[in-house]
Amino acid sequence: MTDVVPQARKLLAMMKDVPQDIPGFADELILFLEHLRDEYEVSQTKSPRLSGRSFNPLNPVIYSLESNPDRILAGSNEKDLITGILEDIVSGRILVRQKQL
């Protein structure tokens, strides 16, 4: 994944109309969130959803999505959080950069 914003935009559009292939979409979403958590950090945020420099607060959401994607994607607090973070990335309220090794 070379650019986070286009991928976030794509997933955000899919979140608004969850595809019929929920397991496939959930897998794509999990991979994005894990990549975001592992490879990126927050460089600047104006988001009420994420105040730190790390995406580690996504860990419980990722776990819930892995455990029960149907429930999460059907509508839940976790879905609202994922949608909000994607919106914040797309709008520029959350700016990301690759972690420095």
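The structure presented is a predicted model; accordingly, all values stated were derived computationally and were not measured.

**Side note on the overall build of the protein**
In step 1: Scanning the protein for helices and strands turns up 5 helices and 2 strands.
In step 2: Going from the N terminus to the C terminus, the protein shows its helices and strands as α-α-β-α-α-α-β.
In step 3: Computed over its C-alpha atoms, the radius of gyration of the protein comes to 13 Å, within 12% of the 13 Å expected for a compact globule of 101 residues.
In step 4: Based on the C-alpha atoms only, the size of the protein along its principal axes is roughly 35 × 25 × 25 Å.
In step 5: Burial statistics for the protein: of 101 residues in total, 40% are counted as buried.
In step 6: Looking at the protein alone, contacts between residues at least 24 apart form 67% of all its contacts between residues at least 6 apart.
In step 7: In the form shown here, the protein has an accessible surface area of approximately 5,700 Å², with 48% of it arising from carbon and sulfur atoms.
In step 8: The centroid of the 12 positive side-chain charges in the protein is displaced by 9 Å from the centroid of its 15 negative side-chain charges.

**Here we look at the environment of Ala74**
In step 1: Turning to its location among the elements, Ala74 is positioned in helix 4 (residues 69–74).
In step 2: Look at Ala74 and you get exposed, because its relative accessible area is 66%.

**Focus on helix 2 (residues 22–39)**
In step 1: Taking 1.5 Å of rise per residue, the 18 residues of helix 2 would be expected to cover 26 Å, and the 25 Å separating its terminal C-alpha atoms lies within 8% of that figure.
In step 2: For helix 2, the full list of buried residues reads Ile22, Phe25, Ala26, Leu29, Ile30, Phe32, Leu33, Leu36 and Arg37. Down the axis of helix 2, the buried side of the element spans an arc of 165°, and every buried residue falls inside it.
In step 3: Summarising the contacts, the buried residues of helix 2 are in contact with helix 1 (4–16), strand 1 (40–45), helix 3 (59–67), helix 4, helix 5 (77–91) and strand 2 (94–98).

**Regarding the nonpolar core**
In step 1: Judged by nonpolar contacts, the single largest core of 28 residues is most densely connected at Leu29 and Leu86.
In step 2: Listed by contribution, the elements that provide at least two residues to this core are helix 1, helix 2, strand 1, helix 3, helix 4 and helix 5.
In step 3: In terms of residue count, the dominant contributor to this core is helix 2 (8 residues).
In step 4: Not counting chain neighbours up to four residues away, the residues in contact with Leu86 comprise Ala8, Leu11, Leu12, Met15, Leu29 and Phe32.

**Things to note about the pattern of salt bridges**
In step 1: Enumeration over the complete set of coordinates arrives at 6 salt bridges.
In step 2: In this structure, the salt-bridge partner of Lys10 is Glu28, at a minimum N-O distance of 2.6 Å. A residue pair is termed long-range when its members are at least 10 positions apart, and Lys10 in helix 1 and Glu28 in helix 2 qualify at 18 residues.
In step 3: Overall, Lys10 belongs to the partly exposed group, its relative accessible area being 39%.
In step 4: A salt bridge links Arg93 to Asp88, with the nearest nitrogen and oxygen atoms 2.7 Å apart.
In step 5: Note on Asp88: relative accessible area 0%, which makes it buried.
In step 6: In this structure, a network of salt bridges that share partners links the residues Arg49, Asp88 and Arg93.

Conventions adopted
Residues numbered from 1 in each chain as written. Predicted model: local features only at pLDDT ≥ 70, side-chain atom pairs only at ≥ 80, totals over all residues. Heavy atoms only, no water. Helix = DSSP H or I, 4+ residues; strand = E, 2+ residues; numbered from the N terminus. Rg over C-alpha atoms; globule rule 2.2 N^0.38 Å. Buried < 20%, exposed > 50% of the residue type's maximum accessible area, 1.4 Å probe, protein only. Contact = heavy atoms within 4.5 Å. Areas by Shrake-Rupley, 256 points an atom, 1.4 Å probe, with all protein chains shown as cover. Lys, Arg positive; Asp, Glu negative; His and termini not counted. Charge placed at Lys NZ, Arg CZ, Asp CG, Glu CD. Expected span 1.5 Å × (residues − 1). Arc of directions from axis to C-beta. Core = buried A, V, L, I, M, F, W, Y, C linked by side-chain atoms within 4.5 Å. Salt bridge = Lys/Arg side-chain N within 4 Å of Asp/Glu carboxyl O.

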